[in-house]
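Spelled out, the chains give:
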Amino acid sequence: MTLRTDSFHTGDEQTDPEGTPTAVTRPVRSRVTRPGLPWRSSVSRYLTLLAATDFLVAALVVGALTAQEHPAGIAAALAVAAGLGFVLTMLACRGYQPSGVATGSRELRSLLHVAGVLAVASLVVHYVGVAQVPRSLFFEALVLTLAVAAAGRWGSRLVLRRLRSRGLFVRRTLLVGPMSGLNHLFDVLDEAQSHGLVVVGVCTPTTADDAGGRSPVLGRYADIADLVRTLDLDAVLVSADAMGAADLRRLGWQLAALPTDLLVLPSISEVVPRRLHVEALGGTPLLGVALTTPGPSRWGKAVFDRVLGTVLLIAAAPIILPAAMAVRLTSPGPAFFAQTRIGIDGRAFTMHKLRSMYVDAEERLAELRDHNDGNGLLFKLHDDPRVTRVGAVLRRLSIDELPQLWNVVKGDMSLVGPRPALPSEVAQFTGDVTQRLRVKPGLTGLWQVSGRSNLTVEQSVRLDLRYTDNWSVRMDVAILWRTAHAVLSGNGAY
C-alpha cells in the first residue's frame, strides 16, 4: 500500500540547473479543503450515535422481556432505566473514548468490562434487597444486550473500513522527525491501516531531508503549528528521536489551542500495548514492559492447541483421506511426506504433510537453486517442476498442510506460530533470528496471513519475532480467522 498524500503548493517554484521546476519548501499559507468532516467532528458524531444505539438496544431488550409480566407503563420505565444504566456504565468504563474509535478492539473490551460491572452490581442489589429482580431475567437481558451491541460494533468496523478506503473518517497526520527514524514508521503505518492515519507530509530537522517519494517534506520543526493550522491536520506523530523532552513539551504547548492530537512514538517497537504499563516517578512517566508470558497464558495456549487441534483433525479427515488417495494414484510414491523440522528450543521433530512433489524432489533441488523465487532463507519456485499436478492443487488450497494437525495434537507444533524451519535453515540463523525458536512452530502464523512466500527475509523475520514476543490466545484466534481468508485467496501460495 502507498500512503496517500494531498496535493498542494508549498510556495514559489525555482528551476534546477537543468531547467526543471522544483518546489521551494515553505509553510503553506492557504487553508486546504478536505473531504468529509474533520476527525474530531466525525468521532463525536460516531460516539453519539453509538451511545444512542446502546440505549435503544438495552431498552428494547428489557422492554421485550418484561412486556408480558408487567403493565405497559412499568415495562417502559424499566426499559428506559435499563438503557440509561447501560449507557452510564459504558461511560464509567470509558467505553466511549475517541481512542477506541481508532483501534476498534477497545470498544469490544469495554463491553466485557461493562458485563462484569453490571453482573456484580446485580448480585449486590439482589442480596442487599434493594430490588428483587429475577437473576435469570437480568442475565438474559444482559447477554442479549451485549451480543447485539457487539454485533453492532463489529458491523461499524466494516463500515469504517469502507469509509476509510474512500478517504473518509481518517486522521490527516503530519510525521515529525529525521528521515532515519521515519522510514520504519512508514512501514508500520502501511501495516496498521485500521488506525486511519493518512500521512499528509513530513517535518524534518532540515528541509534538505528527502522522504524518498513516500511523502513530501513540508517544513522544519518550527513550522509544525503553522502547518497544523493551515492544512487542517488531525494528528501530529512524533518519532522517538525527533526531539528532546523539553522541545516536545513546548510543542505540546503550541498545539494545545489547536484541534489536533499529539502522538509520540516511543523508542521501543514490536510491543503490543497489553505488555506495557505506565508508572509515575515524580512528574516523569516510566514505561514498563512485561518480559515474560504468565503461566496461565502458556497453559491456556497448550489446552487451546490440543483441544482445537483434535477437533480440526477429526473435521479434516474427510478431506485428508481422499486427497491422500489422489496423491497415491496420480504419482509413484507414498501419499504422505515426513520431514525433520526444528521446533521449540531447537528440538528436532518429524513433520507430516501430504506429498505434493515427485519422490526425487530432494535430488533435483541442487539444479534449481539458482532459480530461487523465495526470500533467501526459504527456497520457492513459482513454477516448480518437482510439484505434481495434484500437488499444485493441494498447495493452492493449503490442503497439503492439514496432516500437521497431528503434530499439533502431539505437542510438536502449535496451531499458530512461526513457520517450522528446516535444519539447514536453522544453521543460517544468526543474531535476533534465533529468538523465533522460543515458541513452538505453527501450522499458520503472521507470515501466512501477511503474504506467505511473497515476503522478504526482513519481513518474515520481523513477523516471526513480533509473534514470539507478543503471542496470546486471543492473537491466535485472530490469526486463525485471517488464515481462512489467506488460504481461500491463495495469496503467496505456490
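Here, every reference points to the structure presented above.
All of the points below concern the structure found in this document. (Residues numbered from 1 in each chain as written. Predicted model: local features only at pLDDT ≥ 70, side-chain atom pairs only at ≥ 80, totals over all residues. Heavy atoms only, no water.)

Considering empty space enclosed by the protein
Logical step 1: Evaluated as defined, the whole model comprises one cavity of 30 Å³ or more.
Logical step 2: Approximately 50 Å³ is the volume found for the largest cavity.
Logical step 3: Taken together, Ile342, Gly343, Ile344, Pro418, Arg419, Pro420, Ala421, Arg436, Leu437, Val439, Lys440 and Pro441 make up the lining of the largest cavity.
Logical step 4: Classifying every residue of the lining of the largest cavity by side-chain character gives eight nonpolar, one polar and three charged. (1 Å grid on protein atoms, 1.4 Å probe; cavity = no way out; pocket = protein on both sides within 12 Å on 5 of 7 lines; lining within 4 Å. Points joined across faces, edges and corners; volume = space filled by probe spheres on them. Nonpolar A, V, L, I, M, F, W, Y, C, P; charged D, E, K, R; others polar.)

Observations regarding the sheet that holds strand β3 (residues 171-176)
Logical step 1: Overall, parallel pairing links the five strands, which are arranged β5-β4-β3-β6-β7 in an open sheet. With one partner strand each, in any of the chains shown, β5 (217-219) and β7 (261-264) form the two edges of the open sheet. Neighbouring strand axes in the sheet, compared pairwise and without regard to direction, differ in orientation by 35° on average.
Logical step 2: Both strand β4 (residues 197-203) and β5 contribute to a ladder of two bridges, which runs parallel. Note that in β5 the partner of valine 202 across the bridge is valine 217.
Logical step 3: In this fold helix α8 (residues 245-255) packs onto β6 (235-238) and β7, with an angle of close to 160° to the strand it touches most, β7. (Pairing = 2+ DSSP bridges. Helix = DSSP H or I, 4+ residues; strand = E, 2+ residues; numbered from the N terminus. Axes fitted to C-alpha atoms, helices over the stretch in contact; angles between N-to-C directions. Contact = heavy atoms within 4.5 Å.)

Things to note about the pattern of salt bridges
Logical step 1: A complete count under the given rule lists 15 salt bridges for this structure.
Logical step 2: Residue aspartate 261 is joined to arginine 171 by a salt bridge in which the shortest nitrogen-to-oxygen separation is 3.8 Å. Placement of the pair is aspartate 261 in strand β7 and arginine 171 in strand β3, with a sequence separation of 90 residues.
Logical step 3: Owing to a relative accessible area of 22%, aspartate 261 belongs among the partly exposed residues under this scheme.
Logical step 4: A relative accessible area of 8% places arginine 171 in the buried class.
Logical step 5: Where glutamate 401 meets lysine 353, a salt bridge forms, and the shortest distance between an N and an O atom there is 3.8 Å. (Salt bridge = Lys/Arg side-chain N within 4 Å of Asp/Glu carboxyl O. Buried < 20%, exposed > 50% of the residue type's maximum accessible area, 1.4 Å probe, protein only.)

Keep in mind these numbers describe shape, not what the thing actually does.
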